[in-house]
Amino acid sequence: MKSMVTLSVNDLSVQYQSQGKKVQAVDHVTFSFDKNESLGIAGESGCGKSTLGLAIMKTLQENASVSGKILFDGKSILETSDSEFTKDIRWKQISMMFQGAMNSLDPVFTIKKQFEEILKKHNFQGDKKQAIELAISSVGLSHPVLDKYPHEISGGMKQRVIIAMALIMTPRLVIADEPTTALDVLVQAQIMILLKKLKKEGLSIILISHDLGIISEIAEKVGIMYAGQIVEFGNMQEIYKNPKHPYTIALLESIPKLQETKRIIPLKGNPPSLVNPPSGCRFYDRCPQAMEKCKKDPPKIKTESGFVMCWLHE
Ligand SMILES: Nc1ncnc2c1ncn2[C@@H]1O[C@H](COP(=O)(O)OP(=O)(O)OP(=O)(O)O)[C@@H](O)[C@H]1O
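Residues numbered from 1 in each chain as written. Predicted model: local features only at pLDDT ≥ 70, side-chain atom pairs only at ≥ 80, totals over all residues. Heavy atoms only, no water.

A.B. asks: Summarise the sheet that holds strand β11 (residues 300–302); cite the residues concerned and give the values.
C.D. replies: Here 8 strands make up an open sheet; going across it, the order is β6-β7-β8-β3-β9-β10-β12-β11 and the pairing mixed. Each edge of the sheet is formed by a strand with only one pairing partner; in this case those strands are β6 (94–97) and β11. Neighbour-to-neighbour, the strand axes of this sheet turn through a mean angle of 20°, independent of strand direction. Here strand β3 (residues 39–42) runs beside strand β8 (residues 204–209); their pairing, made up of 4 bridges, is parallel. By the bridge assignment for β8, I41 is matched with I208. Against the sheet, helix α9 (residues 246–253) makes contact with β3, β9 (221–226) and β10 (229–235), and its axis sits at roughly 105° relative to β9, the strand it touches most. (Pairing = 2+ DSSP bridges. Helix = DSSP H or I, 4+ residues; strand = E, 2+ residues; numbered from the N terminus. Axes fitted to C-alpha atoms, helices over the stretch in contact; angles between N-to-C directions. Contact = heavy atoms within 4.5 Å.)

This is the structure we're talking about:
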């Protein structure tokens, strides 16, 4: 059984240089989680979730510049050289299921061939056949899937293949970027059951999703991301029961609940641009509780299990 990991991210910022403009995709983000905990990162499209995952995986594109600290089991990721990270950490300790990966399986190769290519790319030295069999059986797939082409298997099976690919080098932390998006509800539930099983077996998971409901199924810790910042962080249970940031409240109100007849309240408007984001609270324009002082940068207030960045809780 694997042992789960600790991760602490301190004052992390990522800026993209794009067409002469600077996009502040991740802005002074701080959080941590411990062994036996999984983390969820929730927020709308474009708020910087994937960028945060890519920074932890040290896989950002060349137009990105990073500052801050990421400690993985106490080891500083940003200070580790690329060659050492590739040799010892990427895929072997930390792996990532990229958003939309199931649609990027190569249509002209069998699943087996694609596993073999991945092992080659990761410079795998052991018994390839055994590694592939182990990876597919850990995600509930059986041998015949290996001879199939991507178009011959269902969406749910493709996503299991993607999870197996992320697990093939037996990492201890997997960053799953929107693993259930584009799947129907039943298949979504199956994938969540699978992720929970893998977590029980000792895998640490960072689940990135726009859907706080899905995150609440698996994560002990959650960070709510808005316009590049983590505006609320803490224990999932605490945040689910007693959300403090008006954006967290809005996200929770947008989750459909089977038992309740209450209308879902969609959040109106759009987040601010990440090119020269405005000063003050970034949620100001959309916040039903905005006050004059929200035009100033919000303080970071300590909560029971984390923090909230909001003047309401000063
Ligand atoms: N390589 C890049 N170059 C320039 N800008 C980028 C690059 N990658 C992402 N961005 C920008 O950074 C911001 C954050 O994007 P990111 O993909 O991290 O957000 P996200 O929350 O994961 O959204 P989504 O779920 O839609 O992928 C967006 O404004 C996006 O346009």
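A.B. asks: Can you break down the packing of helix α3 (residues 111–121) against helix α4 (residues 128–138) residue by residue, with the values?
C.D. replies: When two helices pack together, their arrangement is given by the angle between the helix axes and the distance between those axes. Relative to each other, α3 and α4 sit at 115°, their axes nearing to 11 Å. Here α3 and α4 pass one another in a crossing that is right-handed. Only K128, I132 and I136 of α4 make contact with α3, whose side of the interface consists of F115, E116 and L119. Here the residues of the contact of α3 with α4 are counted per class, giving 4 nonpolar, no polar and 2 charged. (Left-handed = near helix turned anticlockwise from the far one by under 90°. Nonpolar A, V, L, I, M, F, W, Y, C, P; charged D, E, K, R; others polar.)

A.B. asks: Got a sec to walk through the UniProt feature "domain: ABC transporter" (unreviewed entry) in the chain? Specific residues and values, please.
C.D. replies: As annotated in UniProt, the feature "domain: ABC transporter" (unreviewed entry) corresponds to residues 7–252 in the numbering used here. Span residues 7–252 is 35% helix and 28% strand, its end C-alpha atoms 26 Å apart. (UniProt positions renumbered as here; feature names shortened; annotations may be inferred.)

A.B. asks: Go over the domain arrangement of the chain with me, naming the residues and quoting the values.
C.D. replies: Under the domain assignment used here, the chain contains domain 1 (7–93 + 173–313) and domain 2 (102–170). For domain 1 and domain 2, the distance between their C-alpha centres works out to 28 Å. Taken residue by residue, the interface counts 16 residues in domain 1 and 12 residues in domain 2. The contact between domain 1 and domain 2 buries some 1200 Å² in all, and 69% of this surface belongs to carbon and sulfur atoms. Its largest share of buried area at the contact with domain 2, domain 1 owes to W91, K92 and L194, together 42% of the area lost on that side. Viewed at the interface, domain 2 and domain 1 are joined by 0 salt bridges. Run the count over domain 1 and domain 2 and you get 2 residue pairs in polar contact (both at pLDDT 80 or more). Top contributing element to the side of domain 1 that touches domain 2 by residue count: helix α6 (residues 185–200), with 7 residues. Residues that form the side of domain 1 that touches domain 2 fall into these classes: 11 nonpolar, 2 polar and 3 charged. (Domains from an automatic or database assignment. Buried area = accessible area lost by both parts, 1.4 Å probe. Salt bridge = Lys/Arg side-chain N within 4 Å of Asp/Glu carboxyl O. Polar contact = N/O pair within 3.5 Å; in protein donor to acceptor, adjacent residues only side chain to side chain.)

A.B. asks: Any details on the side chain of D27? Residues and values, ideally.
C.D. replies: Residue placement: D27 occurs in strand β2 (residues 21–33). Polar side-chain contacts of D27 include one of 2.6 Å to the side chain of R282. Beyond its immediate sequence surroundings of up to four residues, D27 is in contact with L12, S13, G228, Q229 and R282.

A.B. asks: I'd like to hear about the pattern of salt bridges, residue by residue, with values.
C.D. replies: As enumerated under the stated definition, the model contains 15 salt bridges in all. As a salt-bridge pair, E84 and K75 come within 3.0 Å of each other at their nearest N and O atoms. Taking relative accessible area as the criterion, E84 reaches 31% and is therefore assigned partly exposed. The class of K75 is partly exposed, set by a relative accessible area of 36%. Residue K197 pairs with E201 through a salt bridge whose shortest N-O separation is 3.2 Å. By relative accessible area, K197 is classed as partly exposed at 33%. Take E201: its relative accessible area is 36%, and that puts it in the partly exposed class. (Buried < 20%, exposed > 50% of the residue type's maximum accessible area, 1.4 Å probe, protein only.)

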